[in-house]
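Understanding the architecture of this molecule
So the chains spell out like this:
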Amino acid sequence: MALVAAGAVVLAGCTSDPETETPAPAATDEGGTDEGSTDGGGATDEGGATDDAGSTDGAGSTEGGEGAAAGSTGKSDQEFETNDDTVVFSTGSEQYNAYNGATSSTNSTYNSVVNNQLFGGFWYWGTDGAIYPNEWFGSYTVESEDPLTVKYTISDEAVWSDGVPVTANDFLLEWASSNPEALGGVDALGFDPVSDTFGKYVPEAPETEVDSKEFTITYPEAYPDWELMVSGALPSHIAAQEAGLEPAELAQAILNGDGETVAQVSEFWNKGWLFPDYTVTDPALVPSSGPYTLDGSTWEVGESLTLVPNEQFYGPAPATGNLRFAFAAPETHVQALQNLDIHVIEPQATVDTLTELEGMQDTVGVLTGDEMTWEHLDFNFAEGSIFSDEEGGLAAREAFAYCVPRENIVQNLIQPINPEAEVMNLREKFPFQDDYQEVLDAAYDGRYDTVDIEKAKEKFAEAGLEDGVEVRIGYSGPNQRRTDEVTAIKASCDEVGFNITDVGNPEFFEDGGTLANGDYEVALFAWAGSGQIASGQPIYSTGGGQNFGQFSNEEVDAAWEALATSNDPAVHLEQTKIIEKLLWDNLYGIPVFAHPGVVGYDLTLENVRHTSVQTGVSWNAEQWVRAQ
């Protein structure tokens, strides 16, 4: 993914199943939010809720698409001559709205699918979560193990589409934007990053010189997801220019620890690269370092965004001249594919959708597989919420957990697509991973697996709740599967005394929307990960950038700190057991299921391949090409 923290979990959106709501972890709702991270842009390990950095423990996927080598998990080694064809893809109706996908409000799959094509980076995720180098962008080598010291070298050919070289200056700004403590504090600096992981684990600025093509990063303590920490970066010369600074002046200020000067770019960094009106007012402010660019793009508000090739691109040429992202509601995807209005879809996986696609196999290819995206219900712990510790507290959360019909939801909505699907009872491990059962045995006794209305009523009374108390369940809508989930929850939990209210809406993930404002008692979305180890820390730790519900627990904080400062797999496993048990004991939220993945594509296209990770099927969109 592109601009959000490269190791983050992303919010998964409400369109494609690989949620990326985001971190992240980044955030998106159905294809959304543990969801978080992008492969070309940001440098942080932000919030993901999946496990191993760099590889996955068995996330299966069905490789497919003409031109894909059997068993291959990386990109094709084909060379392309860019044609003038148009390929259309949709991740849902949510519109792209941020070139900077690394802020607390823009780290989502909806933004990352576009930004992945606009930014170059040192590496990308393959279909199973393995890391592959982007040799055309540069290289990185470990120079010392103790302390861990990594040297990064940017290709001499790497330039932004405005002709300005990609340099260490860009990565200095990437570091500074997520490390306010080193430069005067959060309030003084003013940046609003989705994650502070880069700054937290790399407290000293990268060692480099202004305008250099090389920089070195030193980790004073162990950090298991270090390889995910740095991938791509935003153009520092644009941020400097918009703040009235010279690019070299900004870079030197970061090296000097001059927070007062660096703070001058934070307002533009936070807001200047966003598109609240869904239009690019000045293409000069959004140069590309990847295969496609916004300069010359066609944006039809509410309809689509068409990217065009970056004429200054120094890497492998993109295959197709026009890459269009259609903002189409999930329920329209199958028909649009049949009509060839859209050529690649990653629809919400339902039995009806899969049946329809399988009935079109003369013209449509179908790919399925496990995904590292998972559905969850998160409580709002903010002051005034009935689930906060000051109000109904743990008893209120238990009452809700006892009445949520998770088995019914999985049986009716997920098993018809994936007969092997089961209720997911962990957050950092997936049912298809080898160590899932070991962690589960240590963390959770199964008490909420089956609906128990009488037990729920006991807890409801213990919490002192009044009959008919409203519980607003928010999600990014329209989303039929989530609507069905809320309907099932209402049918069960209203018996207890709750009044479940569906407040799903299109602005759920927007800046100032439902999730950001806390206008909910329970948030329903998904996190999309890619095998990170420590990416869940910003989701569950006190004050974490992806801890939207304001959960706080000192024991959880300590366990994450122990996990995130060790490179020992045994420590990771032990601390994961502790974290999972504490999250169940305190009911941070309720995991529901891992998303099944379904991809449909025009059979005339080559190189369309399903992936288990948060980048989704568009992870290699620059290689999609129509067979000649």
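Everything here concerns the structure above.
To keep things clear, this report deals only with the structure shown in the data block. (Residues numbered from 1 in each chain as written. Predicted model: local features only at pLDDT ≥ 70, side-chain atom pairs only at ≥ 80, totals over all residues. Heavy atoms only, no water.)

Some points on the state of the cysteines
Stated precisely, the cut-off is as follows: Throughout, a disulfide means two cysteine sulfur atoms within 2.5 Å of one another. For helices the rule is a DSSP run of H or I covering at least 4 residues; for strands it is a run of E covering at least 2, with both sets numbered from the N terminus onward.
A complete count under the given rule lists one disulfide for this structure. With its sulfur 2.0 Å from that of its partner, Cys403 forms a disulfide with Cys493. As the torsion about the S-S bond is roughly 100 degrees, the Cys403-Cys493 disulfide counts as right-handed. Here the residue Cys403 occupies a position in helix α12 (residues 393-403), and Cys493 occupies one in helix α16 (residues 480-493), the gap between them amounting to 90 residues.

A closer look at the nonpolar core
Our working definition: Note on terminology: a nonpolar core comprises buried Ala, Val, Leu, Ile, Met, Phe, Trp, Tyr and Cys residues joined through side-chain atoms within 4.5 Å. Exposed residues in this analysis have more than 50% of their type's maximum accessible area, buried residues have under 20%, and partly exposed residues fall in between, with area computed by a 1.4 Å probe over protein chains only. In this description, contact between two residues means that some pair of their heavy atoms is separated by no more than 4.5 Å.
Of all hydrophobic cores here, the largest spans 160 residues; its most connected members are Tyr96, Tyr99, Phe122, Tyr219, Leu294, Phe400 and Phe498. Tallying contributions element by element places α12 first for this core, with seven residues. Not counting chain neighbours up to four residues away, the residues in contact with Phe400 comprise Leu377, Phe379, Phe387, Val471, Ile473, Ile489, Cys493, Phe498, Ile500, Val522 and Ile590. Of all hydrophobic cores here, the second largest spans 15 residues; its members include Ala328, Ala336, Leu354 and Ile417.

Some details on unusual backbone geometry
Omega for the bond connecting Asp146 with Pro147 falls within 30 degrees of zero, at -5 degrees, which places this linkage in the cis form. Position of Pro147 among the secondary structure elements: in the loop between β6 (138-145) and β7 (148-154). Here Gly477 and Pro478 are connected by a cis peptide whose omega angle stands at 5 degrees. For Pro478, the location among the structural elements is in the loop between β14 (469-474) and α16. Positive phi, close to 70 degrees, is recorded for Asp211, a residue that is not glycine. Locating Asp211 in the fold gives a position in the loop between α4 (197-201) and β8 (214-219).

Structural notes on the pairing of β14
Worth spelling out the cut-off: One bridge is not enough; two strands pair if DSSP finds at least two bridges between them.
Pairing geometry for β14 and strand β15 (residues 498-502), over five bridges, is parallel. Residue Val471 lies in a different strand from β15, and its bridge partner there is Ile500. One ladder, built from two bridges, connects β14 with strand β16 (residues 522-528); its direction is parallel. Residue pairing across strands places Gly474 opposite Ala523, the latter belonging to β16.

Some points on the packing of aromatic side chains
What counts, and what does not: Note on ring pairs: Phe, Tyr and Trp rings are taken, using the six-membered ring of Trp, and paired if centres are within 6.5 Å. Classes follow the plane angle, with under 30 degrees stacked, over 60 edge-to-face and the rest tilted.
With the rule as written, the count across this model stands at 49 aromatic pairs. Centre to centre, the rings of Phe171 and Phe215 are 4.9 Å apart; their planes meet at 25 degrees, and the pair counts as stacked. With Phe171 in helix α2 (residues 168-177) and Phe215 in strand β8, this residue pair connects regions lying 44 residues apart in the sequence. Across this residue pair, the class does not change: Phe171 and Phe215 are buried. Both rings, one in Tyr448 and one in Trp584, keep their centres 5.9 Å apart while their planes meet at 25 degrees; by these two values the pair is stacked. Of this pair, Tyr448 sits in the loop between α14 (436-443) and α15 (453-462) while Trp584 sits in helix α20 (residues 569-586), and the two are 136 residues apart along the sequence. Here the two residues Tyr448 and Trp584 agree in accessibility, since each one is buried. Aromatic rings pair up to connect Phe122, Trp136, Phe137, Tyr140, Tyr152, Phe171, Phe215, Trp226, Phe313 and Tyr314 into one cluster.

What about the side chain of Lys459?
Rules: Polar contact is defined as a pair of N or O atoms within 3.5 Å, subject to the rule that within protein one atom must be able to donate a hydrogen and the other to accept it, and that residues adjacent in sequence are counted only when both atoms are side-chain atoms.
Positionally, Lys459 belongs in helix α15. In this structure Lys459 comes out as buried when scored by relative accessible area, which is 15%. At a separation of 3.1 Å, a polar atom in the side chain of Lys459 contacts the side chain of Glu398. Setting aside residues no more than four positions away along its own chain, Lys459 makes contact with Ala395, Glu398, Ala399 and Tyr402.

Comments concerning the layout of surface pockets
Using the following cut-off: Computed over the protein atoms alone on a 1 Å grid, cavities are sets of points where a 1.4 Å probe fits but cannot get out and pockets are open sets with protein on both sides within 12 Å along at least five of seven lines; a residue lines them when it has an atom within 4 Å of a point. Grid points are joined across faces, edges and corners, and a volume is the space filled by probe spheres set on the points. All residues other than Ala, Val, Leu, Ile, Met, Phe, Trp, Tyr, Cys, Pro, Asp, Glu, Lys and Arg, Gly among them, are scored as polar; the first ten of these are nonpolar and the last four charged.
Reported here for the largest pocket is a volume of approximately 530 Å³. Along the wall of the largest pocket there are 26 residues; nearest its centre are Ser195, Asp196, Gly543, Gly544 and Gly545. Elements with a contribution of two residues or more to the lining of the largest pocket: α4, α18 (537-540) and α19 (554-564). Broken down by element, the residue count for the lining of the largest pocket peaks at four residues, all from α4. For the lining of the largest pocket, a count of residues per class yields seven nonpolar, 13 polar and six charged. Of the volumes computed, that of the second largest pocket is approximately 450 Å³. For the second largest pocket, the lining is made up of 30 residues, of which Lys75, Tyr124, Asn134, Trp136 and Glu622 are closest to its centre.

Digging into the pattern of salt bridges
Rule in force here: Salt bridges are defined by distance alone: a side-chain nitrogen of Lys or Arg within 4 Å of a carboxyl oxygen of Asp or Glu.
Within the structure shown, the criterion is met by 18 salt bridges. Among the salt bridges present, the one from Glu580 reaches Arg427, with a minimum N-O distance of 2.9 Å. One end of the pair, Glu580, is in helix α20; the other, Arg427, is in the loop between α13 (406-414) and α14, with 153 residues separating them in the sequence. The exposure classification of Glu580 matches that of Arg427, with both residues buried. Residues Lys577 and Glu438 are paired through a salt bridge, measuring 2.9 Å at the closest nitrogen-oxygen approach. Taken together, the residues Lys577 in helix α20 and Glu438 in helix α14 connect sequence positions 139 residues apart. Residues joined by salt bridges that share partners form a network here, namely Asp85, Asp602 and Arg626.

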